[in-house]
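# Structural overview for review
Given next are the chains, with one letter for each unit.
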Amino acid sequence: MDDASSSRQPPEAVAGKDERRMQVRAYNFWASLLGNRSFPVVADLHPEELGDFGPHSVLLDFTGGVDDPRIAYLGAELSAECDVTGAIRSLSEVPSRSLLTRITDHYMQIIANQAPIGFEAEFVNQRGVTILYRGILLPFSRDDAAIDHIYGVINWKELADQSSTDSLMRQIDEAVEARPAMLRASMPLTDWADGPVVRGMVEPLEGPEEMDLPLDGYEIVEEHSDDAPLPSSAGLMGLGDWLASARELALAARSSEERSRQALYSAIGRAYDFALAAAEAPDEFAELVADAGLKVQDRAPLIPLVKLVFGADYDKTRLTEFATVIAHGQRQGLECGALAAFLAEAPGGLKGLVREERRLRRAESGRDAKLLSRHERLVSGLRDLSPKPIEDVARDSEFTVLVARRLESGEVVLLGEVADDQALLDRAARHLLD
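Residues numbered from 1 in each chain as written. Predicted model: local features only at pLDDT ≥ 70, side-chain atom pairs only at ≥ 80, totals over all residues. Heavy atoms only, no water.

## Here we look at the overall build of the protein
Looking only at helices and strands, the protein features 15 helices and seven strands. Expressed as a percentage of the 434 residues in the protein, the buried residues total 43%. Contacts spanning at least 24 positions in sequence make up 59% of the contacts within the protein whose residues lie at least 6 apart. Working note: accessible area of the protein is about 23100 Å², and carbon and sulfur atoms make up 49% of it. (Helix = DSSP H or I, 4+ residues; strand = E, 2+ residues; numbered from the N terminus. Buried < 20%, exposed > 50% of the residue type's maximum accessible area, 1.4 Å probe, protein only. Contact = heavy atoms within 4.5 Å. Areas by Shrake-Rupley, 256 points an atom, 1.4 Å probe, with all protein chains shown as cover.)

## Describing the layout of surface pockets
The gaps of empty space that remain are located by a probe, the size of a water molecule, rolled over the atoms. Roughly 1300 Å³ of internal volume is contained in the second largest pocket. Around the second largest pocket, the lining comprises 38 residues; the ones closest to its centre are Val66, Tyr107, Met108, Arg247 and Gly311. The set of elements that each furnish at least two residues to the lining of the second largest pocket consists of helix H3 (99-104), helix H4 (107-113), helix H7 (239-255), helix H9 (282-291) and helix H10 (303-310). Top element by residues in the lining of the second largest pocket is H7. It accounts for seven residues. Of the residues that constitute the lining of the second largest pocket, the class distribution is 16 nonpolar, nine polar and 13 charged. (1 Å grid on protein atoms, 1.4 Å probe; cavity = no way out; pocket = protein on both sides within 12 Å on 5 of 7 lines; lining within 4 Å. Points joined across faces, edges and corners; volume = space filled by probe spheres on them. Nonpolar A, V, L, I, M, F, W, Y, C, P; charged D, E, K, R; others polar.)

## Some points on unusual backbone geometry
Here Asp144, not a glycine, exhibits a phi torsion of approximately 65°, which is positive. Inspection of the secondary structure puts Asp144 in the loop between strand S4 (130-140) and strand S5 (149-159).

## Details of the packing of helix H8 (residues 260-280) against helix H11 (residues 316-332)
How two helices sit against one another is set out by the angle between their axes and by the gap between those axes. Two elements in contact, H8 and H11, have axes separated by 10 Å at closest approach and are oriented at 60°. Between H8 and H11, the interaxial angle falls into the category oblique. For the element pair H8 and H11, the recorded crossing hand is right-handed. Every residue of H11 that contacts H8 at Leu264, Ile268, Ala271, Tyr272 and Ala275 is listed here: Arg318, Phe322, Val325, Ile326, Gly329 and Gln330. Residues belonging to the contact of H8 with H11 are distributed by class as follows: eight nonpolar, two polar and one charged. (Axes fitted to C-alpha atoms, helices over the stretch in contact; angles between N-to-C directions. Parallel < 35°, antiparallel > 145°, perpendicular 65-115°, else oblique. Left-handed = near helix turned anticlockwise from the far one by under 90°.)

## A short note on the pattern of salt bridges
Opposite charge on two side chains allows them to pair when their charged atoms are near. Scanning the model with the defined rule gives eleven salt bridges in all. Residues Arg142 and Asp148 are paired through a salt bridge, measuring 3.3 Å at the closest nitrogen-oxygen approach. Judged by its relative accessible area of 8%, Asp148 is buried. A salt bridge links Glu321 to Lys351; the nearest nitrogen and oxygen atoms lie 2.6 Å apart. Here Glu321 is found in helix H11, whereas its partner Lys351 is found in helix H13 (residues 349-365), with 30 residues between them in sequence. Taken as a pair, Glu321 and Lys351 share a single burial class, namely buried. (Salt bridge = Lys/Arg side-chain N within 4 Å of Asp/Glu carboxyl O.)

See below:
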């Protein structure tokens, strides 16, 4: 973004000027910079001059790597909403649970899809306010060879209560229904009330003559619901598309505060679909793993796969569980799209399948007999312990793990506590909270 081009004016947007059309205007602006290139040149982007949507935008610079991109520009409105008080130099410095985390959550999808990404959802921000937001991420390049910058635009509305949310969604539905019949018949609509539709087409609000833009080959995708049906284009999806779809559901599961189990099972199910696709394209998968700086180990071959989907920084215990469930699905020969429902119907859910897969592995390795013998010795020792009154335990710790025994009479007696084992406490807590 050199000074020589600072006098250049951004092209006129196709869409109207109302606030709800911000992402369409940003998309039109991006498309007008394409020319005959695959991606617009980042030197042509001057967000500080885009008074319409520039204040609601952020520019990510990936020239130093994809793990922690530099924030090259942050608009004033977006900065203020996120309670940013000083300069933010990189993605890792973004305040947690701020609106900016929502726009940056999706950047890896652009790397995988090589196309713009649209998204909309709601969440509770750092001030405890429910935010309904809509955003778009647009790829840029310095040399047209690879995406090395991503420009994101987002707008939002604070919702006071659920009735306000319902009212807004009714208005959106009414706006969709109010479109001219010819437009509705000729253009497939997405769930965006006012945004781009499939395959890179933008709603021609001022008439079809306004659409003389080279947009072939680009598409806008939306966040999936927790039900996570397979994409209608599943048969045509490449490995990168499967990864992007799985990552999208994984992000939704990480940010979901309600229906978290359903969202998680959907994400694991899509990760399983990605695993099936990876098995059909081993060379391409190996390239994805290498590009992410990961390594495949014989004793845990699925760990890099789940790291690609859920992130290398995800809880290692959970990643191991997800890989175990995917391996169990492979053992059962489940088809694409079947694991999420299988997981939801399994006794014990996620934990139940993990236990079953580990039991089967132990049986295959001949370890079951040894484990059973050790277990019997421990149980025999517990039976020899004398009961203790509750007053004698949990005096020094806020939380403790208690061991109890149910006698033949049905009475439950306390045997003791384990108060100094953090790992054991964490395991017990996960059993209670999951």
